[in-house]
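What the coordinates show
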Amino acid sequence: MTTVIDSKAADHADQANECTWWRQATVYQIYPRSFADANGDGIGDLVGITSRVPYLAKLGVNAVWLSPFYPSALADGGYDVDDYRNVDPKIGTLDDFDEMVSALHAANIKLIVDIVPNHSSDRHEWFQQALAAGRGSAERDRYIFREGLGENGELPPSDWVSMFGGPAWTRVDDGQWYLHLFASEQPDFNWKNRDVHEDFLTTLRFWSDRGVDGFRVDVAHGCAKELPEVLPTQAELDATPTTDGQHPIWDRNEVHDIYTEWREVLNEYDPPRIAVAEAWVASAERRARYASPTELGQAFNFDLLEADFDAGSFLEIVSTNLAEAKTAGSSTTWVFSNHDVVRHATRYGLPPRHGRDVKQGTEWLLSGGTTPELDVTTGLRRARAASLFMLGLPGSAYLYQGEELGLGEVADIPAEEHQDPAFFRNPGVDPGRDGCRVPLPWTREGVSFGFGSGEAHLPQPAWFGSVSVEAEEGDPASTLNLYRRALELRDDLQTAEELEWVEADAPDVLHFRRPNGWEVVTNFGTEPVALPAGTVLVSSGPLAGDTLPGETTVWLKA
Ligand code: GLC
Ligand code: CA
């Protein structure tokens, strides 16, 4: 009798877990073309990912977020999608995808796929139809076409600059112009057109039916647009607040109608599919709207990623976001690195002012690796401390492939080897994002450090061997083993989403307690402080007797 009741209780707990796993998950981002190359053509592929599932299981992540793997000319690393319901033949097939899903699920790892609703690629069937059908057609209405200015419409409809630099309008053969907030190969969809809605609902169902557990929504804050007849100038656009939902492009209030509709589809599944918004918005309060249970459910929170390594900033960010998430009925997310920003082990080794604008841009004169000067040791020490701090927090932690190795940015990619449009559209100014997308080193040696049997599609520096999985595997003090230990312990923290701040002795120290009684202490300063009482579970660096050295985090058990 007892056993029956117990197993029923366990079933209920499992079911509840199936629906809420995302609230405090550890999610590992894979940039598929740079993770593992199974067939040796230099490009990471789905079979490569499947072959590394044991590595992911040993690391202890709960889910994988896969950046775009759809057919694409790679004008923007796959964020220029030709076909939303297929796999890029360069990296696999739908069968490979199914096998990857099975292997992940067998290892108890969920899968979140990237979905890109703001724009398609210019090779997408619909955009090709729009070009062929001509002005005023139903086909063209799925994108944002305008007549140009000037006597013969030879000037763009406005002086807007794309996110990657250069004009945001491109002219087509019959003289009209189309809008692209990103590269010219990425025409923006017109979300006032019903076809666009229906097609994305079909895509959500397509991948959900294939067993994916959720979606990461690219540029979620940009889809709804309200462009007046007379367009504002770029300067006027820049001066328009993004706080009230009325900006012509960013974070408009009606963008939420899209995600309410998506939620209905996601909830058709059992368990409901999850979604996480990429929304660079003005405040935690604006972000919480995307994360509401009637919409996507969760949103990226880039506040820690944008902050300097500083106790005061971290305290403020953690407190605000925990409170906002609670109000929204969601859970917080944390992230330090992804495929768009300079890796945090490098960021933290640069002067603090560079921590403020982490989106790659003019602030980051890293090409050549000398300006500004990089302090590699400090960068890694802080990155490890920051990551261990984050992994102790309530909420979901998003990791980016390679950060578990303590990888730094590759700053010396030769100009002719670059791939990122941000590099090409800002010659000599923006190093672009290739430096964080270099294929992972798996072994100490070999033609591509074990990434594959051929040369990698982006050049790997000689020092990659020393931070390879093989090199770190057997070293108990390695960053890889730090992450493994923390993730193993983290299971015990994934209960109540609470923390309680503990008064610290020094202003540079943050100290909090989780409901299971464990304590997390980070010394953001450079001088050692007294180590609070307790058994050490894990620390981000060596401890010295009863002291917690500078730039170090420790987890303690009473
Ligand atoms: C998001 C992606 C980025 C991409 C852009 C356009 O910001 O993270 O990599 O370039 O959207 O799709
Ligand atoms: Ca390959």
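Residues numbered from 1 in each chain as written. Chains lettered and ligands numbered in written order. Predicted model: local features only at pLDDT ≥ 70, side-chain atom pairs only at ≥ 80, totals over all residues. Heavy atoms only, no water.

**A closer look at the packing of helix H6 (residues 194-209) against helix H8 (residues 255-266)**
The description of two packed helices rests on the angle between their axes and on the distance between the axes. Axis separation between H6 and H8 bottoms out at 10 Å; the angle between their running directions is 35 degrees. For the crossing formed where H6 meets H8, the hand is right-handed. Of the residues in H8, those touching H6 at Arg 194, His 197, Phe 200, Leu 201, Leu 204 and Arg 205 are Ile 258, Glu 261, Trp 262, Val 265 and Leu 266. Taken together, the residues that form the contact of H6 with H8 break down as 7 nonpolar, 1 polar and 3 charged. (Axes fitted to C-alpha atoms, helices over the stretch in contact; angles between N-to-C directions. Helix = DSSP H or I, 4+ residues; strand = E, 2+ residues; numbered from the N terminus. Left-handed = near helix turned anticlockwise from the far one by under 90°. Contact = heavy atoms within 4.5 Å. Nonpolar A, V, L, I, M, F, W, Y, C, P; charged D, E, K, R; others polar.)

**Concerning helix H11 (residues 311-328)**
Between its terminal C-alpha atoms H11 stretches 26 Å, which fits the 26 Å expected from 18 residues at 1.5 Å a residue. Within the sequence span of H11, burial applies to Ala 311, Phe 314, Ile 317, Val 318, Asn 321, Leu 322, Ala 325 and Ala 328. Projected onto a plane normal to the axis of H11, the buried residues spread over an arc of 140 degrees and lie on a single side. Of the exposed residues in H11, those oriented more than 90 degrees away from the buried face are Glu 316, Lys 326 and Thr 327. Here the buried face of H11 lies against helix H9 (284-290), helix H10 (303-306), strand S10 (333-335), helix H13 (376-391), strand S12 (500-501) and strand S13 (509-513). Following H11 by one or two positions, Gly 329 has its phi on the positive side, about 80 degrees. (Expected span 1.5 Å × (residues − 1). Buried < 20%, exposed > 50% of the residue type's maximum accessible area, 1.4 Å probe, protein only. Arc of directions from axis to C-beta.)

**A few points about the site of ligand 1**
Lining the immediate surroundings of ligand 1 are 14 residues, of which Asp 76, Asp 218, Glu 278, His 339 and Asp 340 lie closest. Asp 218 is positioned such that a nitrogen or oxygen atom in its side chain is 2.8 Å from an oxygen atom of ligand 1. Here an oxygen atom of ligand 1 sits 2.9 Å away from a polar atom, N or O, in the side chain of Arg 433. When ligand 1 sits alone it has 310 Å² of accessible area, and the protein chains cover 98% of it. (Near = heavy atom within 4 Å. Polar contact = N/O pair within 3.5 Å; in protein donor to acceptor, adjacent residues only side chain to side chain. Areas by Shrake-Rupley, 256 points an atom, 1.4 Å probe, with all protein chains shown as cover.)

**Some points on unusual backbone geometry**
With an omega dihedral of -5 degrees, the bond running from Asp 270 to Pro 271 counts as a cis peptide bond. Locating Pro 271 in the fold gives a position in the loop between H8 and strand S8 (274-277). Phi at Asp 251 is positive, roughly 55 degrees, even though this residue is not glycine. Locating Asp 251 in the fold gives a position in the loop between helix H7 (234-239) and H8. The backbone of Glu 551 shows a phi angle near 50 degrees, a positive value even though the residue is not glycine. By the element assignment, Glu 551 lies in the loop between strand S17 (547-548) and strand S18 (552-557).

**A few points about the domain arrangement of the protein chain**
For the protein chain, the assigned domains are domain 1 (22-119 + 193-486), domain 2 (125-179) and domain 3 (498-557). Measuring from the centre of the C-alpha atoms in domain 2 to the corresponding centre in domain 3 gives 56 Å. (Domains from an automatic or database assignment.)

**A few points about the confidence of the model for the protein chain**
Detailed conclusions should not be drawn from predicted coordinates in areas where pLDDT is low. Considering every residue of the protein chain, the mean pLDDT works out to 93; 94% of them sit at 70 or more. Scored below 50 in pLDDT, residues 1-5 makes 0 contacts in the model with residues more than four places away or belonging to other chains. Note that pLDDT drops below 50 for residues 354-370; the model gives that stretch 54 contacts with residues more than four away or on any other chain. (pLDDT = per-residue confidence, 0-100.)

**Examining the environment of Trp 334**
Among the structural elements, Trp 334 can be located in strand S10. Assessed through its relative accessible area of 0%, Trp 334 is described here as buried. Between the alpha carbons of Trp 334 and Lys 225 there is a distance of 28 Å; along the sequence they are 109 residues apart.

**Concerning the sheet that holds S18**
In space, the 5 strands of this open sheet follow the order S12-S13-S14-S18-S16, with antiparallel pairing throughout. Two strands bound the open sheet, and with one partner strand each, they are S12 and strand S16 (535-539). Pairing between S12 and S13: 2 bridges, direction antiparallel. Note on S13: the bridge partner recorded for Glu 500 is Arg 513. Strands in contact with H11 are S12 and S13; relative to S13, the strand with the most contacts, it is inclined by about 30 degrees. Lying over the sheet, H13 contacts S13, strand S14 (519-523), S16 and S18, oriented at roughly 35 degrees with respect to S18. (Pairing = 2+ DSSP bridges.)

**Description of the packing of H13 against helix H16 (residues 479-490)**
Between H13 and H16, the shortest axis-to-axis distance is 10 Å and the interhelical angle comes to 10 degrees. With respect to each other, H13 and H16 are oriented roughly parallel. In this structure, H13 uses Leu 380, Arg 384, Ser 387, Leu 388, Met 390 and Leu 391 to contact H16, whose residues at the interface are Thr 479, Leu 482, Tyr 483, Ala 486, Leu 487 and Arg 490. Among the residues making up the contact of H13 with H16, the classes are represented as 8 nonpolar, 2 polar and 2 charged. (Parallel < 35°, antiparallel > 145°, perpendicular 65-115°, else oblique.)

**Regarding the sheet that holds S10**
Read from one edge to the other, the open sheet built from 8 strands follows the order S9-S8-S7-S3-S2-S1-S11-S10, with strand pairing classed as parallel. The sheet is open, and its two borders are formed by strand S9 (297-299) and S10, each paired with just one other strand. The mean inter-strand angle of the sheet, taken between neighbouring strand axes irrespective of direction, is 25 degrees. Across 3 bridges, S10 lies against strand S11 (residues 396-400) in parallel orientation. What sits directly across from Val 335, in S11, is Tyr 398. Contacts from H13 reach strand S1 (26-30), S10 and S11 within the one sheet, and its direction differs from that of S11 by about 145 degrees.

**As for the packing of aromatic side chains**
Centre distance and the angle of the planes are the two values used to describe a pair of aromatic rings. Tallying each qualifying case throughout the model produces 44 aromatic pairs. Judged by centre distance (5.1 Å) and plane angle (20 degrees), the ring pair of Tyr 143 and Phe 189 falls under stacked. Placement of Tyr 143 in the loop between helix H5 (125-133) and strand S4 (145-146) and of Phe 189 in the loop between strand S6 (177-179) and H6 is noted, with a sequence separation of 46 residues between them. You'll find Tyr 143 and Phe 189 in the same group, each marked buried. The ring of Phe 145 is capped by Arg 140, whose NZ or CZ atom sits 4.6 Å from the centre of that ring. Between Arg 142 and the ring centre of Trp 126, over which it is positioned, the NZ or CZ distance is 4.1 Å. (Phe/Tyr/Trp six-rings, centres within 6.5 Å; stacked < 30°, edge-to-face > 60°. Lys NZ or Arg CZ within 6 Å of the ring centre and 35° of its normal.)

**With respect to the coordination of the calcium ion (ligand 2)**
In this structure, Asp 37 (OD), Asn 39 (OD1), Asp 41 (OD), Ile 43 (O) and Asp 45 (OD) serve as the protein donors to the calcium ion (ligand 2), at separations of 2.3 to 2.4 Å. Judged by its relative accessible area of 54%, Asn 39 is exposed. You can call Asp 45 buried: its relative accessible area is 5%. (Donors = N, O, S within 2.8 Å, 3.2 Å for Na, K, Ca; no water.)

**Structural notes on the pairing of S1**
Burial runs high along S1: 5 of the 5 residues are buried. Of the two faces of S1, both are covered, the one formed by Thr 26, Tyr 28 and Ile 30 as well as the one formed by Val 27 and Gln 29. Both S1 and S11 contribute to a ladder of 4 bridges, which runs parallel. Directly across from Tyr 28, in S11, lies its bridge partner Leu 399. Sheet topology note: the S1/strand S2 (residues 63-66) ladder contains 4 bridges and is parallel. Pairing of Ile 30 across the sheet is with Leu 66, part of S2.

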